[in-house]
Amino acid sequence: MTSLDIKSILSKEAGPHPTETRVRFAPSPTGYLHVGGARTHLFNWLYARKTKGKLILRVEDTDQVRSTRESEEMVLKDIASLDLNPDEGPGFGGDYGPYRQSERQEIFQMLAVSLLAKKKAYRCFCTEEELDSKAKAAKAANKPPHYDGTCTHISEEQSQKRAEAGEKFSIRMTAPQKDYHFEDALRGTVTFKPGMVGDFVVLRSNGMPVYNFSVVVDDYFMRITHVIRGDDHLSNMIRQLMITEAFGWKIPKFAHISMILGMDKKKLSKREGASSVHDYLNAGFLPEALINFLALLGWSPSDGKEIRPLDEIVNDFDLERLNKSPAVFDDEKLLWMNGEYIRAMSTEDLLPRVLPFLEKSGYNVATKPKEWLLKVLAAVQGNLKVLADINAHVDIFFDTKFTFEQDAKTMMQASEAKKVVQVFRQEIEKIGEIQSESDLQKVQTAVKEQTGTKGKNLFMPMRAAVTGKLHGPELKFVMPLIGQKETLRRIDLSLDL
RNA sequence: GUUCCCUUCGUCUAGCCCGGUCUAGGACACCUCCCUUUCACGGAGGUAACGGGGGUUCGAAUCCCCCAGGGAACGCCA
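Bear in mind that the values here come from a model prediction, so they are computed numbers and not experimental data.

What counts, and at which threshold
Residues numbered from 1 in each chain as written. Chains lettered and ligands numbered in written order. Predicted model: local features only at pLDDT ≥ 70, side-chain atom pairs only at ≥ 80, totals over all residues. Heavy atoms only, no water. Pairing = 2+ DSSP bridges. Helix = DSSP H or I, 4+ residues; strand = E, 2+ residues; numbered from the N terminus. Axes fitted to C-alpha atoms, helices over the stretch in contact; angles between N-to-C directions. Phe/Tyr/Trp six-rings, centres within 6.5 Å; stacked < 30°, edge-to-face > 60°. Buried < 20%, exposed > 50% of the residue type's maximum accessible area, 1.4 Å probe, protein only. Salt bridge = Lys/Arg side-chain N within 4 Å of Asp/Glu carboxyl O. Expected span 1.5 Å × (residues − 1). Bend = angle between axes of the 7 residues up to and from the residue. Contact = heavy atoms within 4.5 Å. Disulfide = S-S within 2.5 Å. Domains from an automatic or database assignment. Buried area = accessible area lost by both parts, 1.4 Å probe. Parallel < 35°, antiparallel > 145°, perpendicular 65-115°, else oblique. Nonpolar A, V, L, I, M, F, W, Y, C, P; charged D, E, K, R; others polar.

## What about the sheet that holds strand β7 (residues 200-203)?
As summarised here, the arrangement of the three strands in space is β3-β4-β7, forming an open sheet in which the pairing is antiparallel. The open sheet terminates on both sides in strands that have one partner only, identified here as β3 (121-124) and β7. For this sheet, the mean angle separating the axes of adjacent strands, direction not counted, is 45°.

So this is what it looks like as C-alpha cells:
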C-alpha cells in the first residue's frame, strides 16, 4: 500500500458517525514512553473500557527531525508491557487509518489548500530566518511574538505566480480576532480573548502539517469523541478552535488533565533524563503496580481504597473525579505500592518475574530445583520493594555468592563469638540436617547450656557464621535451604576470620 | 508584555458544584510503641495542611472580589 485513499477517508465524513466513544492517545515518537504520557494513555484506556468504546493510538510524527520509527516501536512496546494496548493504531488495525500522521500528508495538504480557497488562510513566503529575526525583535520590544502580517499584503495573482514559479511557501491561517470558548470536562467554560495568537502556520513549506492543524484534522476524521490530554495543550485550544471553525466542524468533548511533576515540582521532562516506563520496568516495578500508582495521580477512587485491580479502577473511573491541579510523582509511594503488590503475589506467580533479575546478576538459578527456589523466595518476599531487590537478599542462599560482610567479620573476630560458633558446629554435626524449627531449637539450647551465653551474644554469632550478615531471614528458614554441608563450610570459614 | 490554567498535611488526595455533620478524613514518608533475641513484614498511636487579604453570611476549605506564587501558550516543536 503506497498511496493514500483520500477519497475513502473523506467519504467517511458523509458516512454514519460511530455511536461509541472514541478516545485517542497521540504520542510523538521521540523516545521511550514517559510516565506522564503513560498516565494520559491510561486515562484514555480507562475511559474507553469504562464506556465500552474504542481507544485509538495515533502517532504524531510530523516533526521529521525528532521523530523516529525506533521511538515509535519503543513506545508501542512500553504500552504492550503495561498491557494497555489500543483497539486501533499502527499494527492494530482499524477502519480510520493510516494512524501515522506522516502517512496522512495528502489529507492535510488538501485541507490546507481548501483553506486557501476559502480565504481563511494565505501563502506565506517568509523564510525561517526572516521570521526568526522578527520574533526576536518583537520579544526584545516586549511585544507578543506574533506574525507581522507581511504576506497578507500579497495579491492573489502574485501569490499564485510565485507559487507556480516554485518559490517555497507555508500556508498560514488568518487568526480571527474575537473571543473563543469551549467546555472542558474538568475546567468548565474556558474563554480565550482576542490577541492571544497571530496568524499561524498550518502547513509547513515542506508539506508537513503543524501540530495544531493535524490534531484537529485527525481527531475529526478519526471520529474522536473525547479528547483526554495534558493541560499543556489548553492554551493551544484557541488555534484548534479557529481551525475547527474554519472547516465548520463540530468539536469533540475535551478533558484537559493536569500534568505530572517531578519531586522538584518541575514538569517531568525527557531531557532531564527521567522516568520512562521502560526504566521503571527495568528497575523491577510491576506493570500492575505502576498502573495503579499512575491512576492515583489526579484521580481518586470513590471509596478511598487505593490498591485495587485494574477492572475495579475501570468500574470506578470517571472524568468527573479528576483533579485539576498538577501532581508530583513520588517514587517513595510507588516503591511502597510495588512492595504491596509483590507481597500479595503467590511465590508461584512471583518466581517467573524475579528469575530474569537473578539471571542477570549471575545467580545459577538454572541448576536449582523449583521447590527450592520457591522456598528461598518465600523467605525474602517480605523484604522486596522492587523485583531487582531480590539480588541483595538472596545471596545468602547461594554458595557461589556467599561472603562475610564487614560487621559480621568484626563480630566473628571476638573469641566469645568463636566459642559459641564452635559449639554450634559440634551440635550441627551431631543432629545432621536441620529439618524444622524444633531441630534448630534443640541445637541452640545445647549451645546456650554449654557456653553459658544468651540473648544477642548467643544468636548473633550463629547468624553471622551461617549467613555472613547480621540481619536477614530467620535461620530456621535459611539452614534447611543451604543444607548441613554448606552450613559447616561457612562455619569453618567464619572460625578462620 | 498579553492570554489561559492551577493553589487542602513534605508528597498523593477526600471534602468544594449543593456553606453548618470539618476540633479538615485517608494514603505514602517521618516519629513513638508493640510483635520479633536480627532485617523486613504486620499491628497501635503521633507530628503535619485549607497561599494571603478583603467581602457575603448567624456561620466559609466550601460563594464573590483582589493580590501573590506556580505552570502553560504566544514556534515552519508536540
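## Some remarks on the packing of aromatic side chains
Evaluation of the coordinates by the stated rule reveals 16 aromatic pairs. Both rings, one in Trp299 and one in Phe317, keep their centres 6.1 Å apart while their planes meet at 35°; by these two values the pair is tilted. Of this pair, Trp299 sits in the loop between α10 (287-295) and α11 (310-316) while Phe317 sits in the loop between α11 and β11 (327-328), and the two are 18 residues apart along the sequence. Across the pair, Phe317 and Trp299 agree in class, each one buried. Measuring from ring centre to ring centre gives 5.3 Å for Trp372 and Phe398, while their planes differ by 85°; the resulting arrangement is edge-to-face. Within this pair, whereas Trp372 is found in helix α14 (residues 370-380), its partner Phe398 is found in the loop between α15 (390-394) and α16 (406-412), the two being separated by 26 residues in sequence.

## What to know about the pattern of salt bridges
In the structure shown here, the tally under the stated rule is 36 salt bridges. Note that Asp218 is salt-bridged to Arg104, the shortest N-O span being 2.5 Å. In this pair, Asp218 sits in helix α7 (residues 211-221) while Arg104 sits in the loop between α3 (69-81) and α4 (105-117), placing the two residues 114 residues apart along the sequence. A salt bridge links Lys119 to Glu156; the shortest N-O distance between them is 3.6 Å. Of this pair, Lys119 sits in the loop between α4 and β3 while Glu156 sits in helix α6 (residues 156-164); the two residues are 37 residues apart in sequence, bridging distant segments of the chain. Note on Glu156: relative accessible area 49%, which makes it partly exposed. Three or more residues joined by partner-sharing salt bridges are found here, namely Arg24, Arg58, Glu60, Arg104, Asp218 and Asp219.

## Here's the deal with helix α13 (residues 347-360)
If you check α13, its first and last C-alpha atoms are 20 Å apart, about what 14 residues at 1.5 Å a residue would give, namely 20 Å. Maximum bend of α13: about 35°, positioned at Val354, with proline Pro356 one to four residues after it. For α13, the full list of buried residues reads Thr347, Leu350, Leu351, Val354, Phe357 and Leu358. Against the buried residues of α13 lie α9 (277-282), α12 (331-344), α14 and α15. One or two positions beyond α13, positive phi appears at Gly362, with a value near 85°.

## Overview of the state of the cysteines
Considering all chains together, one arrives at zero disulfides under this definition. Cys124 carries a free sulfur, and the closest cysteine sulfur to it, the one in Cys126, is 3.8 Å from it. Cysteine Cys151 remains unbridged, with the sulfur of Cys126 as its closest cysteine sulfur at 3.6 Å. The exposure class assigned to Cys151 is buried, which follows from its relative accessible area of 4%.

## Here's the deal with the domain arrangement of chain A
Each domain of chain A was delimited in the assignment, giving domain 1 (345-397) and domain 2 (406-495). Taking only C-alpha atoms into account, the centre of domain 1 sits 24 Å from that of domain 2. Listed by partner, the interface residues are nine residues for domain 1 and eight residues for domain 2. With both sides pooled, the region where domain 1 packs onto domain 2 buries about 730 Å², and carbon together with sulfur makes up 69% of that total.

## Considering the packing of helix α17 (residues 415-431) against helix α19 (residues 456-467)
Contact geometry for α17 and α19: axes closest at 9 Å, N-to-C directions at 70°. With respect to their mutual orientation, α17 and α19 come out roughly perpendicular. For the pair formed by α17 and α19, the contact residues are Ala417, Val420, Val421 and Phe424 on the first element and Asn457, Leu458, Pro461, Met462, Ala465 and Val466 on the second. For the contact of α17 with α19, the class distribution of residues is nine nonpolar, one polar and no charged.

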